[in-house]
Amino acid sequence: MHLEDDKRLNLQLRLDFSSAPTGEAWQAGREDIESSSAVSEPERPANTRRIMEDVCERANLKEALRQVRSNKGSAGVDGMTVDQLGGYLKQHWPAIREQLLNGTYEPKPVRRVEIPKPDGGGVRKLGIPTVLDRFVQQAVMQVLQKRWNPTFSHHSYGFRPRRSAHQAVAQAQQYITQGYGWVIDLDLEKFFDRVNHDKLMGQIAKRVEDKRLLKLIRAFLNAGVMENGLVSPSVEGTPQGGPLSPLLSNLVLDVLDRELERRGHRFVRYADDCNIYVRSERAGQRVMESITRFITQKLKLKVNEAKSRRNPWTGSSSVSGTSRDGPKASASRRQWKSWLRICGAGATISASAKRPRC
């Protein structure tokens, strides 16, 4: 977008955000929302009831727009590109804002894209939202992340501000040097595709009282997937490809983190990769069986038993940018998984298993 267009857009945003919205439709929606919020429910902090106002706050939206532009990415089902988003907002933002504050915004289906997995093990299915939906998701994510991130477990390292694969590896190595040399490597089968919507919304509702935001998140989850020109309904999962998905995945797995903490386990979780560190093979067998039951029964997720392993860990490593002191500052999720695969999963436990030399 040209400098002149940016100036006009910023002026429009400033005018829109500094004045209160008007109109009979907005007022009617506002009264409906307030009346529904008055229904007797468990008491919650007052500042969770009007989060959509924070989402639509000018500074938050400017940052969301900057992030979407920075991330670039391909168009969604409507064909709009990132470069076209600014001009579209300049023309349509007042109506979009009114829809968000009224609780009537309707996301479009995501576009199905398949990309090969880095390890060559099949493909990863992505769901690409439209750039407008990405902009709205980014604005929502920024507000919720500020509220939720401080409440997440310190054992969680993926998709969080000021947390990295570098820190995850350093913590894992610390457990190993303390004598917890057996690793339970849990693989959640198609995690992002199998998140239970009702359980997820129940967790969100414990933290958010704004009915408009709850409705909006549910709409994103149920937006559907377009593949080969056909739209299929979304009945489970949080499709990878939108800004909101990583935050929601951390919320889902925070339940697992708290259970592991309650049991006193030493563990590291990076997104949907969870590793628990124990002192012996026997303890590893016991913990793996009990945690698998918890994940299946409580979280309604499936553990891939073929890929989940209990492995001995010895020595040190210097692969994928890692070393005995952890990975380099540019460590990524791929480096974290590579480090685990080479140094923590060199052999499955059996009578003939040999300890990997890392």
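To be clear, the structure that these remarks concern was listed above.
Okay, so let's go over this structure. (Residues numbered from 1 in each chain as written. Predicted model: local features only at pLDDT ≥ 70, side-chain atom pairs only at ≥ 80, totals over all residues. Heavy atoms only, no water.)

### What about the overall build of the protein?
Phase 1: When helices and strands are counted, the protein shows 13 helices and eight strands.
Phase 2: Residues classed as buried in the protein amount to 48% of the 358 residues present.
Phase 3: Put simply, of all contacts in the protein between residues at least 6 apart along the chain, 76% involve residues at least 24 apart.
Phase 4: Taken as a whole, the protein presents about 17,800 Å² of accessible surface, with 49% of it coming from carbon and sulfur. (Helix = DSSP H or I, 4+ residues; strand = E, 2+ residues; numbered from the N terminus. Buried < 20%, exposed > 50% of the residue type's maximum accessible area, 1.4 Å probe, protein only. Contact = heavy atoms within 4.5 Å. Areas by Shrake-Rupley, 256 points an atom, 1.4 Å probe, with all protein chains shown as cover.)

### Details of the packing of helix 5 (residues 82-102) against helix 6 (residues 131-148)
Two quantities define a packed helix pair, namely the angle between the helix axes and the distance between the axes.
Phase 1: The contact between helix 5 and helix 6 brings their axes to 10 Å, and the two run at 60 degrees. The angle between helix 5 and helix 6 falls in the class oblique. Helix 6 is crossed by helix 5, and the crossing has right-handed handedness. Residue-level inspection shows Val-82, Leu-85, Tyr-88, Leu-89, Trp-93, Ile-96 and Leu-100 of helix 5 in contact with helix 6, the latter providing Val-131, Leu-132, Arg-134, Phe-135 and Val-136.
Phase 2: In the contact of helix 5 with helix 6, the residues fall into 11 nonpolar, no polar and one charged. (Axes fitted to C-alpha atoms, helices over the stretch in contact; angles between N-to-C directions. Parallel < 35°, antiparallel > 145°, perpendicular 65-115°, else oblique. Left-handed = near helix turned anticlockwise from the far one by under 90°. Nonpolar A, V, L, I, M, F, W, Y, C, P; charged D, E, K, R; others polar.)

### Some details on the pairing of strand 7 (residues 273-278)
Phase 1: Counting buried residues in strand 7 gives six out of six residues, a clear majority hidden from the surface.
Phase 2: Because side chains alternate across strand 7, one face comprises the buried residues Asp-273, Asn-275 and Tyr-277, and the other comprises Cys-274, Ile-276 and Val-278, equally buried.
Phase 3: Looking at chain direction, strand 3 (residues 182-187) and strand 7 are connected through six bridges and run antiparallel. In the sheet register, Leu-186 faces strand 7, and the bridge partner there is Cys-274.
Phase 4: One ladder, built from five bridges, connects strand 6 (residues 266-270) with strand 7; its direction is antiparallel. Bridge assignment links Phe-267 to a residue of strand 7, and that residue is Ile-276.
Phase 5: Between the antiparallel neighbours strand 6 and strand 7 lie two residues, among them Ala-271 with a positive phi of about 60 degrees. (Pairing = 2+ DSSP bridges.)

### Let's talk about the pattern of salt bridges
Phase 1: Taken as a whole and judged by the stated rule, the model has 14 salt bridges.
Phase 2: Among the salt bridges present, the one from Glu-53 reaches Arg-50, with a minimum N-O distance of 3.0 Å.
Phase 3: Under the relative-accessibility criterion, Glu-53 is labelled partly exposed at 25%.
Phase 4: Overall, Arg-50 belongs to the partly exposed group, its relative accessible area being 36%.
Phase 5: Residues participating in the shared-partner salt-bridge network are Arg-50, Glu-53, Asp-210 and Arg-212. (Salt bridge = Lys/Arg side-chain N within 4 Å of Asp/Glu carboxyl O.)

### Observations concerning the sheet that holds strand 5 (residues 230-232)
Strand pairing within a sheet occurs via backbone hydrogen bonds; the two strands may be parallel or antiparallel.
Phase 1: Strand order in the open sheet made by the four strands is 2-1-4-5, with mixed pairing throughout. Each edge of the open sheet carries a strand with a single partner, namely strand 2 (123-128) and strand 5. Taking each pair of neighbouring strands and ignoring which way they run, the sheet shows an average axis angle of 40 degrees.
Phase 2: Sheet analysis places strand 1 (residues 110-116) next to strand 2, joined by six bridges and oriented antiparallel. By the bridge assignment, Ile-115 is partnered in strand 2 with Arg-124.

### Remarks on the nonpolar core
Phase 1: By size, the foremost hydrophobic cluster in this structure holds 66 residues, and its most contacted members are Phe-135 and Ile-204.
Phase 2: It is helix 6 that contributes the most residues to this core, 10 residues altogether.
Phase 3: Apart from the residues within four sequence positions on either side, Phe-135 is in contact with Leu-61, Ala-64, Leu-65, Val-68, Leu-85, Leu-89 and Trp-93.
Phase 4: One finds Ala-168, Ile-176, Val-183 and Val-268 within the second-largest nonpolar core, a separate group that totals 12 residues. (Core = buried A, V, L, I, M, F, W, Y, C linked by side-chain atoms within 4.5 Å.)

### Concerning a positive patch on the surface
Phase 1: A surface patch of like charges, here positive, comprises Lys-199, Lys-206, Lys-298 and Lys-300.
Phase 2: For Lys-199, the location among the structural elements is in helix 9 (residues 197-205).
Phase 3: Judged by relative accessible area, Lys-199 falls into the partly exposed class, the value being 33%. (Patch = residues over 30% accessible without salt bridge, like charges linked within 9 Å, V, L, I, M, F, W, Y side chains within 5 Å. Lys, Arg positive; Asp, Glu negative; His and termini not counted. Charge placed at Lys NZ, Arg CZ, Asp CG, Glu CD.)

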